[in-house]
Amino acid sequence: MAPSDPRQTKFILDESRIPRAWYNIAADLPVPPAPPLHPGTHQPIGPADLAPLFPMGLIGQEVSTEREIEIPEPVRDAYRLYRPSPLYRAHRLERALDTPAHIYYKYEGVSPAGSHKPNTAIPQAFYNQQEGVKRLATETGAGQWGSALAFAGALFGLEVKVYMVRASYDQKPYRRILMETYGAEVVASPSLSTNYGRSVLSATPDSPGSLGMAISEAVEDAATRDDTKYALGSVLNHVLTHQTVIGQEAIEQMGMAGESPDIIIGCTGGGSNFAGLTFPFLGRNFRDGASHRIIAVEPEAAPSLTRGVYAYDFGDTGKMTPLVKMYTLGSDFIPEPIHAGGLRYHGMAPMVSLLKEHGYIEARSVHQRSSFEAGVQFARAEGILPAPEPNHAIRVAIDEALAAREAGESKVILFNLCGHGHFDLSAYERYLSGSLEDFGYPEDRVKEALASLPAV
Ligand SMILES: *Cc1c(COP(=O)(O)O)cnc(C)c1O
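Residues numbered from 1 in each chain as written. Predicted model: local features only at pLDDT ≥ 70, side-chain atom pairs only at ≥ 80, totals over all residues. Heavy atoms only, no water.

Asker: Got a minute to help me understand the sheet that holds strand β8 (residues 185-189) in this structure?
Answerer: Picture the strands of a sheet paired through backbone hydrogen bonds; they go either parallel or antiparallel. Across the sheet, which stays open at both edges, the four strands sit in the order β8-β7-β6-β9 with parallel pairing between neighbours. Where the open sheet ends on each side, the last strands, each with one partner, are β8 and β9 (228-230). Ignoring strand direction, the axes of neighbouring strands in this sheet form an average angle of 25°. Here five bridges tie strand β7 (residues 159-165) to β8, and the two strands are oriented parallel to one another. Paired with Lys161 across the two strands is Glu185, which belongs to β8. Contacts between helix α8 (residues 173-181) and the sheet are confined to β6 (135-140), β7 and β8, with β7 contributing the most and set at about 170° to the helix. (Pairing = 2+ DSSP bridges. Helix = DSSP H or I, 4+ residues; strand = E, 2+ residues; numbered from the N terminus. Axes fitted to C-alpha atoms, helices over the stretch in contact; angles between N-to-C directions. Contact = heavy atoms within 4.5 Å.)

Asker: So what exactly am I meant to see when it comes to the environment of Glu373 here?
Answerer: Mapping Glu373 onto the fold places it in helix α16 (residues 368-382). Between the C-alpha atoms of Glu373 and Arg430, which are 57 residues apart in sequence, the distance is 12 Å.

Asker: Explain the side chain of Glu220 to me, please; I cannot follow it from the model alone.
Answerer: Position of Glu220 relative to the elements: it lies in helix α10 (residues 211-223). Of the side chains with opposite charge, Arg198 lies nearest to the buried Glu220, which makes no salt bridge, at 5.1 Å. Setting aside residues up to four positions removed in sequence, Glu220 forms contacts with Thr194, Asn195, Tyr196 and Met320. (Buried < 20%, exposed > 50% of the residue type's maximum accessible area, 1.4 Å probe, protein only. Lys, Arg positive; Asp, Glu negative; His and termini not counted. Salt bridge = Lys/Arg side-chain N within 4 Å of Asp/Glu carboxyl O.)

Asker: Would you explain the sheet that holds strand β5 (residues 102-107) in this entry?
Answerer: Across the sheet, seven strands lie side by side as β1-β4-β5-β15-β10-β11-β14; this open sheet has mixed pairing. Both outer strands of the open sheet, β1 (10-11) and β14 (362-366), are each paired with one neighbouring strand and no more. Judged from the five bridges that link them, strand β10 (residues 263-267) and strand β11 (residues 293-299) form a sheet pairing that is parallel. Looking at β11, one finds that Ile263 is bridged to Arg293. Strands in contact with helix α12 (residues 245-257) are β1, β4 (87-89), β5 and β15 (412-417); relative to β5, the strand with the most contacts, it is inclined by about 140°.

Below you can see the structure in the form of structure tokens.
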């Protein structure tokens, strides 16, 4: 049933509609996922191998094949601070593009940390606290994940130590201050706090860092301290599962709008906001024969899904994590310091990679400048200033809306506006002054990095 007012712009759900369970796509996958392997023995790992790093509550979810995982009441209660998040119809952007397409966006920038990341930071802090953990170690790129975990740590009384990629630490002091305000300790990575960080610094004292390096530092921190566990903001199955509150709410909100999306779009760094929006819809494709087209959008400077190889690789640069089968550019590859720091990662979530490999989702890469062009056009029409990461999704949403205009077709397009850009104004300043640069696909450097893939 379509809304009675055709100009309706916000689709708002009551707090009672916050989902009661997360959706686990492992229950509906048409092909079985490849098991993670031990980095030393190359044998499949079991829950005991992960126990030094994660609480059992999360390990159970990592390997679960149950379709629904109940959301604990204290987590649902914390979700009330900002969930359900709004779904908008972008009437003004549609008019600016003169397109017959209907464009919708789910807005995750309403969370206290300004992105979708608290959807998983909150349950991760909860399960750790339940099992007596006192301290969490993590990495952050642009600072979004660090802010979310610092906030969640404050909610559940946990200490949080954040290894922040050096390039972002220098470019984005405000994110660091936000994390410190929530009570976290933040160091630039590579740092002098770990053996791995010290070894990188002695070889390259001016290293800009990378997500892969910061992960190595946080993993080493957690593995070497009894009171500490590790928290990852993307890539892992349980993280993607937590994010499905986004898509479940969006299904209900699209129902309020009386429409079903033909095309669903998300940006992909490690794949979590993309999975959060699209997996509940994909579940309908698998179970009910729905035919939503799903598009992942990544930066041209770190194009794992579009130009990487599907192979077992390490999740980090220090080669300490389990090997997972994913689209990768090689764990030695360090992407250029693009402003969408959350998309500067060499790999991709195994679940998202599997779906791409078997043709259930599509992928595209876009250049930095063209993504900012789309973000500015969106801001001028809709008012919300997007983070640099979702600008990639907006680019493709606009391209699809323009293609619908050319074809004279009325398509329904839905994308994830996974965070706001209030901490990214220096990047917008560079774009507006014409000094933002594009980075091409670094073919030679990727070739070099791929040469060191583990032989599995
Ligand atoms: C972290 C982050 C990303 C990238 O991570 P995914 O796991 O791919 O979602 C994208 N956008 C924003 C706003 C982020 O904070």
